[in-house]
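What follows is each chain in one-letter form.
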Amino acid sequence: MAMESATELEDLRRSVTSPGGTTEKALDSFREHELEKLVDKALTAARDRSIEMSTAM
């Protein structure tokens, strides 16, 4: 839906997130625990290992 919409991602998120609701609380928790940094680290680790594996052959 986000890929096919001309609407900004943040606006789409706002349109489905009720103030004080469950989705808002989950998003707050993700921000508080820095989920974005964790995902970035995981993707970097996977990329780095992929490079190691491809050059070891």
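Residues numbered from 1 in each chain as written. Predicted model: local features only at pLDDT ≥ 70, side-chain atom pairs only at ≥ 80, totals over all residues. Heavy atoms only, no water.

Examining the overall build of the protein chain
Part 1 of the argument: The helix and strand tally for the protein chain stands at three helices and zero strands.
Part 2 of the argument: Ordered by position in the sequence, the α and β elements of the protein chain form the string α-α-α.
Part 3 of the argument: Against the 2.2 N^0.38 benchmark of 10 Å for 57 residues, the protein chain shows a C-alpha radius of gyration of 17 Å, more extended than a compact globule.
Part 4 of the argument: Seen along its three principal axes, the alpha-carbon backbone of the protein chain occupies a region of about 50 × 30 × 10 Å.
Part 5 of the argument: Residue burial in the protein chain is summarised as follows: out of 57 residues, 5% are buried. (Helix = DSSP H or I, 4+ residues; strand = E, 2+ residues; numbered from the N terminus. Rg over C-alpha atoms; globule rule 2.2 N^0.38 Å. Buried < 20%, exposed > 50% of the residue type's maximum accessible area, 1.4 Å probe, protein only.)

As for the layout of surface pockets
Part 1 of the argument: The calculated volume of the largest pocket comes to roughly 250 Å³.
Part 2 of the argument: As for the largest pocket, its lining consists of L9, E10, R13, L27, F30, R31, L35 and E36.
Part 3 of the argument: Breaking the lining of the largest pocket down by element, the ones donating at least two residues are α1 (9–16), α2 (22–32) and α3 (35–55).
Part 4 of the argument: Of the residues that constitute the lining of the largest pocket, the class distribution is four nonpolar, no polar and four charged. (1 Å grid on protein atoms, 1.4 Å probe; cavity = no way out; pocket = protein on both sides within 12 Å on 5 of 7 lines; lining within 4 Å. Points joined across faces, edges and corners; volume = space filled by probe spheres on them. Nonpolar A, V, L, I, M, F, W, Y, C, P; charged D, E, K, R; others polar.)

Remarks on unusual backbone geometry
Excluding glycine, most residues fall at negative phi; most peptide bonds, likewise, are trans.
Part 1 of the argument: A positive phi angle, close to 55 degrees, is found at E34, a residue other than glycine.
Part 2 of the argument: With respect to the secondary-structure elements, E34 resides in the loop between α2 and α3.

Description of the side chain of T17
Part 1 of the argument: Within the fold, T17 resides in the loop between α1 and α2.
Part 2 of the argument: Within the structure, T17 has its side chain in polar contact with the backbone oxygen of R13 (distance 2.7 Å).
Part 3 of the argument: Contacts of T17, omitting those with residues within four sequence positions, involve T23, E24 and L27. (Polar contact = N/O pair within 3.5 Å; in protein donor to acceptor, adjacent residues only side chain to side chain. Contact = heavy atoms within 4.5 Å.)

Considering a nonpolar patch on the surface
Part 1 of the argument: Together, F30, L35, L38, V39 and L43 make up a nonpolar patch on the protein surface, roughly 470 Å² of accessible area in all.
Part 2 of the argument: The topology assignment puts V39 in helix α3. (Patch = residues over 30% accessible without salt bridge, like charges linked within 9 Å, V, L, I, M, F, W, Y side chains within 5 Å. Areas by Shrake-Rupley, 256 points an atom, 1.4 Å probe, with all protein chains shown as cover. Salt bridge = Lys/Arg side-chain N within 4 Å of Asp/Glu carboxyl O.)

Some words on the environment of E4
Part 1 of the argument: You can see E4 is positioned in the segment before α1.
Part 2 of the argument: Given a relative accessible area of 76%, E4 falls into the exposed group.
Part 3 of the argument: In sequence terms E4 and K37 are 33 residues apart; their C-alpha atoms lie 26 Å from each other.

Regarding the confidence of the model for the protein chain
Part 1 of the argument: When pLDDT is averaged across the protein chain, the result is 93; 98% of the residues are at 70 or more.
Part 2 of the argument: The least confident element of the protein chain is α1, whose mean pLDDT is 90; the most confident is α3, at 96. (pLDDT = per-residue confidence, 0-100.)

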